[in-house]
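For reference, the chains in residue letters:
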Amino acid sequence: ARKIIIDTDPGIDDAMAIFLALQSPEVEVIGLTTIYGNVYTSLATRNALHLLEVAGRTDIPVAEGSHVTITKGTKLRIASFVHGADGLGNQNFLPPSGKPIELSAAAFMIEQANQYPGEVTVVALGPLTNVALAIEEDPAFAEKIGQIVLLGGAFLVNGNVNPAAEANIFGDPEAADIVFTSGADVVAVGLNVTHQVVLTELDRAKLEQSNGKFAQYLSKILDVYFAYHQESYLMKGVYLHDPTAILAAIDPSLMTFMEGVVRVQTSGITRGLTILYNRQKRFGEYTEWTDKPTSKVAVTVDAPAVVKLVMDRLMES
Ligand code: BDR
Ligand code: CA
């Protein structure tokens, strides 16, 4: 099984993604690392510990990540209006009894990449501060990490924070640009793909009726997420962002990808915009676009297959 570290801001779709990964024999979750986004970092850490307790997987370490953006200067945008004040659908869960490990998220990523060079995949489901810190703290990290699969960006479609930016990229655009230009093997799954992957009310009813512990837990916390989609998009369904990113790491044949240089806008009203440049014959004078390593960006997805895999695995006990 492929070793994965999930960098996460749980988060309702993060919770689904973590459970999906734990239910997937193709991957071995070797750690969770936490980041602000849907909630502040300290709550993300509590939620990560809590979700592992729900899953009965307290053997998996949790490393706490950065509390601030990479430039330290950006005001955090916390999406409690999407996931609830507690990040997990306002269910008043008891605090976890576990504690995070001593290492920071970035230090843990570096340690694991050193221990298993080329074998570790980081699946990043929140703003990219921790991954960018690992790249900055260890110049060899980009080469030693096997792959970075990230949920982020909105390639040629509107964002979900504003017309330009998707939330995880908007959370720390400078960090995202560091990741995309690092030379690591980067795979991006953005809103252009995840806005096609919808869990319906019928699916949620199936989760509710299932005896599986993950399905039972999720059917409760999903209420808040459904209400947000109804209000925000007039939709009777929810987007499966983070679970789709997990599946990109597990079975890339569920999607197709375009390869090119990705840059992130860091200023102005389009701050957080992601741009993919896939021309093979490049305009030599634009070195900020041409002299950079490429990433792979998901462009199509077999949405029914993704939803089915997510449902099947989450309903298993
Ligand atoms: C991303 O932002 C967060 O709200 C979700 O958990 C997902 O990672 C979608 O833009
Ligand atoms: Ca997330």
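Criteria and cut-off values
Residues numbered from 1 in each chain as written. Chains lettered and ligands numbered in written order. Predicted model: local features only at pLDDT ≥ 70, side-chain atom pairs only at ≥ 80, totals over all residues. Buried ≥ 20, exposed ≤ 12 C-beta atoms within 10 Å, placed from the backbone. Helix = DSSP H or I, 4+ residues; strand = E, 2+ residues; numbered from the N terminus. Core = buried A, V, L, I, M, F, W, Y, C linked by C-beta atoms within 7 Å. Contact = placed C-beta atoms within 7 Å. Near = placed C-beta within 6 Å. Nonpolar A, V, L, I, M, F, W, Y, C, P; charged D, E, K, R; others polar. Pairing = 2+ DSSP bridges. Axes fitted to C-alpha atoms, helices over the stretch in contact; angles between N-to-C directions.

A. The arrangement of helix 1 (residues 12–22) in detail. With ten of its eleven residues buried, helix 1 lies for the most part within the structure. Within helix 1 the residues assigned to the buried category are Ile12, Asp13, Asp14, Ala15, Met16, Ala17, Ile18, Phe19, Leu20 and Ala21.

B. Spotlight on the nonpolar core. Residues Val123, Ile148, Val179, Leu218, Ala245 and Leu314 are the most contacted members of the largest nonpolar core, which totals 106 residues. Among residues more than four places away in sequence, those in contact with leucine 218 are Ala15, Met16, Leu207 and Leu314.

C. Geometry of the site of ligand 1. Every one of the 16 residues lining ligand 1 counts as a neighbour, but Gly11, Asp13, Leu151, Ala167 and His241 are closest to it. Listed by contribution, the elements that provide at least two residues to the shell around ligand 1 are helix 1, helix 7 (167–171) and helix 12 (241–250). Among the residues forming the shell around ligand 1, the class breakdown is five nonpolar, seven polar and four charged.

D. Layout of the environment of alanine 184. Tracing the backbone shows alanine 184 in the loop between helix 8 (173–180) and strand 6 (186–189). Setting aside its immediate chain neighbours within four residues, alanine 184 contacts Ala142, Ile145 and Ile148.

E. Helix 12, seen in detail. Most of helix 12 is tucked away: ten of the ten residues are buried. Taken together, the buried positions of helix 12 are occupied by His241, Asp242, Pro243, Thr244, Ala245, Ile246, Leu247, Ala248, Ala249 and Ile250.

F. Looking closely at the sheet that holds strand 5 (residues 147–151). Pairing is mixed in the open sheet, where nine strands are placed in the order 3-2-1-4-5-6-11-9-10. In the strand order of this sheet, the two ends are held by strand 3 (62–63) and strand 10 (274–277), each with one partner. One ladder, built from four bridges, connects strand 9 (residues 255–264) with strand 10; its direction is antiparallel. Within strand 10, the residue paired with arginine 263 across the bridge is isoleucine 275. Here helix 8 sits on the sheet in contact with strand 5, strand 6, strand 9 and strand 11 (295–301), set at roughly 115° to strand 9.

Bear in mind that shape data such as this cannot, by itself, settle questions of function.
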